[in-house]
Amino acid sequence: MPTLDIHNPATGALVTTLPADDAASVAAKATAARAAQPAWAAVPIADKVAVMQRFRAAVVAQIETLATTMTQETGKPIALSRNELNGLLPRLDFFMEEAESAVRDEHVFDGGGMHEQIGHIPLGVVLNISAWNYPWFVGCNVIVPALLTGNAVLYKPSEHAALTGLHITRLLHEAGVPADAMQCLVGGGDVGVAALAQRIDGVFFTGSHATGVKIAQAVAHRMVKLQLELGGKDPMYVRADADPRAAAESLADGAMYNTGQGCCSVERIYVHEAVHDAFVDHFVTTVQGMKRGDPMDASSYIGAITRAPQLQVLQAQVADAVAKGATLAVGGRVLPGPGNWFEPTVLTNATHAMEVMREESFGPIVGIEKVASDDEAVALMNDTRYGLTAGVYTRDEAKARELLARVNAGSVYWNCCDRVSPRLPWSGQGDSGVGLTLSRHGIQTFTRPKAWHLRQA
Ligand code: NAD
């Protein structure tokens, strides 16, 4: 029987060892999920919503246990774990409120004896391969609307958030989702590979671009719906008319929240020369004031780096930037263990010759580059293979709208950043992915349209 060791990234200590899946158990779960799907699909939507209401209530009732587990296995500060669980609740509410109307039959034409309608039918068995950084958000963005629309779900949480994945699955079962219709697959990439080999009707992946490419290749020869929510190199621009202090405080939080381990974390900042020095001063002061420490301490804001190999990526980006002329304004070092720790790091005088401005950092690092004009800023923001989020800080709304219309990104922000809304689609351009979650579109995406042409005899 394979096993999965769960380590606490903050201390290196073994948290527990879980029984894991293998190819045979994955195949058995996939078969059971397919058998269970029609009966689950036939459950009236009101009853499915009632199940999700019970799931929501259980999250509220068990929030401390769930937050503690997430902190232990990811190194996320406990206050942020609580924030993620509390932030989940409006998403659940949105899905529950919108599910019925989003997939209701649409009657689009009546005339000449013909009636035309569009149905929205479940895909069938949906595979969700998920990331660890916001495990409740990225898991439930798929699992909840997929179940509400009548799919069975094979859910492969990250090996770095497997205990959270098991909690999500347990709570859904306890709330009334049949065990076979919601299956958790425990393990690493090999278990993901085994799941992709099953008869599935859709793959919904959240993770790195490199893994996304492998998943796309694995299903390329099959008629399987594919959604990939991948990384970003999210740029922000501070215009000459912005308040440098307010922008710095907002963007420092956007860069360092979750220890910079967010797909929409602010990764590069362009600042107009008119406010550059004042912005940098406030930014560095804000970062220096961030409390790093034991993730179980409620006052900690910077936590551990979840995956140890990322420490080398961060160190290499700092070395590359400094070698090419960047100024290390603060941080820059791996901290001595136990556990995986990296100092919050700010690099100024950054340029696009440096990896820190081109490749996803996924850690508490940000590069700042001075620009002379709006056009220069837009050109640099678009000089990327990614396109997840981008933003502009300015007092001028019309200018913000004009610049944001020119930026290639799935989500754009005016005077805010690192923000996700259940009402808006979450999607990427370029290497940030294909498809979307959230919004009404992110409910319909778990269905296929069926066209009905009906003529009275
Ligand atoms: P990852 O690609 O290493 O792993 C993601 C998942 O894929 C894990 O469950 C892993 O076990 C599985 N996996 C690995 N190899 C596989 C294979 N060959 N076949 C099938 N499954 C396989 O990513 P991660 O470290 O968990 O997450 C960090 C990345 O996720 C970052 O790039 C981040 O930007 C991205 N992310 C994107 C979004 C978004 O909404 N766009 C949200 C969160 C995270």
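Residue positions are given per chain, counted from 1 along the sequence in the order it is written. pLDDT decides what is reported in this predicted model: residues at 70 or higher carry local features, side-chain atom pairs at 80 or more are listed and counted, and totals for whole chains, interfaces and linings draw on all residues regardless. Here the side-chain values reflect all heavy atoms present in the structure, with hydrogen atoms and water set aside.

It is worth spelling out helix α3 (residues 63-74) at this point. At 3.6 residues per turn, the α-helix brings residues three or four places apart onto the same side. Secondary structure elements follow DSSP: runs of H or I no shorter than four residues count as helices, runs of E no shorter than two count as strands, and numbering proceeds from the N terminus. How far a helix is expected to stretch is found by multiplying one less than its residue total by 1.5 Å. Spanning 12 residues, α3 covers 16 Å between terminal C-alpha atoms, matching the ideal 16 Å at 1.5 Å per step. Within the span of α3, buried status applies to I63, L66, A67, T69, M70, T71, E73 and T74. Residues count as neighbours in contact if any of their non-hydrogen atoms are within 4.5 Å of one another. In the core, the buried residues of α3 are packed alongside β1 (3-7), α2 (45-61), α4 (78-102), α5 (135-148) and α6 (162-175). Of the residues trailing α3, G75 is marked for its positive phi of about 80°. Buried means the residue's accessible area, taken with a 1.4 Å probe over protein chains only, is under 20% of the maximum for its type, while exposed means over 50%, and partly exposed covers the values in between.

A word on the site of the ligand. We call a residue near a given molecule or strand whenever any one of its heavy atoms falls within 4 Å of it. Near the ligand you find 31 residues, and of these K156, E159, S208, T211 and E360 are the closest. Think of a polar contact as two N or O atoms within 3.5 Å of one another; within protein, one of them needs to be a possible hydrogen donor and the other a possible acceptor, and neighboring residues in sequence only count if both atoms come from side chains. One nitrogen or oxygen atom from the main chain of G207 is found 3.2 Å from an oxygen atom belonging to the ligand. Mapped by element, the contributors of at least two residues to the shell around the ligand are α7 (189-196), β8 (202-206) and α8 (209-219). Per-element accounting of the shell around the ligand gives the leading share, 4 residues, to α7. A class-by-class count of the residues in the shell around the ligand yields 14 nonpolar, 11 polar and 6 charged. Of the domains in this structure, domain 1 (3-230 + 432-455) and domain 2 (235-421) are the two that each give at least three residues to the shell around the ligand. Only Asp, Glu, Lys and Arg are considered charged in this grouping, and only Ala, Val, Leu, Ile, Met, Phe, Trp, Tyr, Cys and Pro are considered nonpolar; every other residue, Gly among them, is considered polar. Segmentation of the chain into domains, including their bounds, is taken from an automatic or database domain assignment.

Moving on to the packing of aromatic side chains. Classification of ring pairs rests on two measures: the distance between centres of Phe, Tyr or Trp rings, Trp counted by its six-membered ring, which must be within 6.5 Å, and the angle between planes, read as stacked under 30 degrees, edge-to-face over 60 and tilted in between. Applying the stated rule across the entire model yields 7 aromatic pairs. Considering the side-chain rings of Y134 and F137, the 5.7 Å spacing of their centres and the 25° angle between planes classify their relative orientation as stacked. Each member of the pair, Y134 as well as F137, is classed as buried. Arranged with centres 6.2 Å apart and planes meeting at 70°, the rings of Y257 and Y301 form a pair that is edge-to-face. Placement of Y257 in the loop between α9 (244-256) and β11 (268-272) and of Y301 in the loop between α10 (276-288) and α11 (310-323) is noted, with a sequence separation of 44 residues between them. On the basis of relative accessibility, which here comes to 18%, the residue Y257 falls in the buried class. One Lys or Arg, K48, reaches over the ring of W40 and ends 5.7 Å from the middle of that ring. Placement of a positive charge over a ring is assigned whenever Lys NZ or Arg CZ falls within 6 Å of the ring centre and within 35 degrees of the normal to the ring plane. Above the face of the F137 ring, R91 is positioned so that its terminal group lies 3.8 Å from the ring centre.

Moving on to the domain arrangement of the chain. The domain boundaries assigned to the chain delineate domain 1 (3-230 + 432-455) and domain 2 (235-421). If you look at the interface, domain 1 gives 25 residues, while domain 2 gives 28 residues. The term buried area denotes the loss of accessible surface (1.4 Å probe radius) that occurs when two parts are joined, taken as the sum for both partners. Between domain 1 and domain 2, roughly 2,200 Å² of surface is buried when both sides are summed, and carbon and sulfur atoms account for 60% of that area. Applying the counting criterion to the domain 1 and domain 2 interface returns 12 residue pairs in polar contact (both at pLDDT 80 or more). At the level of secondary structure, the elements contributing two or more residues to the side of domain 1 that touches domain 2 comprise α3 and α4. At 6 residues, the largest contribution of residues to the side of domain 1 that touches domain 2 is made by α4. A breakdown of the residues in the side of domain 1 that touches domain 2 according to their chemical character gives 10 nonpolar, 11 polar and 4 charged.

Let us look at the packing of α2 against α5. In this description, a line fitted to the C-alpha atoms serves as the axis of each element, helices being fitted only across the stretch in contact, and the angle between N-to-C directions of two axes falls anywhere from 0 to 180 degrees. Axis separation between α2 and α5 bottoms out at 10 Å; the angle between their running directions is 155°. Regarding the angle of α2 to α5, the classification is roughly antiparallel. Only W136, C140, V144, L147 and L148 of α5 make contact with α2, whose side of the interface consists of I45, K48, V49, M52, F55 and V59. The residue inventory of the contact of α2 with α5, partitioned by class, reads 10 nonpolar, no polar and 1 charged. To sort the angles, those under 35 degrees are grouped as roughly parallel, those over 145 as roughly antiparallel, those from 65 to 115 as roughly perpendicular, and the leftovers as oblique.

So, about the sheet that holds strand β10 (residues 235-238). Strand pairing within a sheet occurs via backbone hydrogen bonds; the two strands may be parallel or antiparallel. At least two DSSP bridges between two strands are needed for those strands to be called paired. Read from one edge of the open sheet, 7 strands run β12-β15-β16-β11-β10-β17-β18, paired in mixed fashion. Each having just a single partner strand, β12 (327-330) and β18 (411-414) make up the two edges of the open sheet. Geometrically, the sheet is characterised by an average inter-axis angle of 20° between neighbouring strands, direction not taken into account. With 5 bridges connecting them, β11 and strand β16 (residues 365-371) associate as parallel partners. Looking at the pairing, R268 lines up with G367 of β16. Across the sheet, α11 is in contact with β12, β15 (345-348) and β16; its angle to β15 comes to roughly 25°.

This part covers the pattern of salt bridges. Salt bridge, as used here: a side-chain nitrogen of Lys or Arg that lies within 4 Å of a carboxyl oxygen of Asp or Glu. Tallied over the entire structure, the rule returns 22 salt bridges. Ionic pairing is found between R82 and E64, a salt bridge with its closest N-O pair at 2.8 Å. With R82 in helix α4 and E64 in helix α3, this residue pair connects regions lying 18 residues apart in the sequence. Residue R82 is classed as partly exposed on the basis of its relative accessible area, which comes to 28%. With a relative accessible area of 41%, E64 lands in the partly exposed category. Between D375 and R406 there is a salt bridge, and its shortest N-O distance comes to 3.0 Å. Taken together, the positions of D375 in helix α12 (residues 374-381) and R406 in helix α13 (residues 397-406) put the pair 31 residues apart, joining distant regions of the chain. Judged by its relative accessible area of 35%, R406 is partly exposed.

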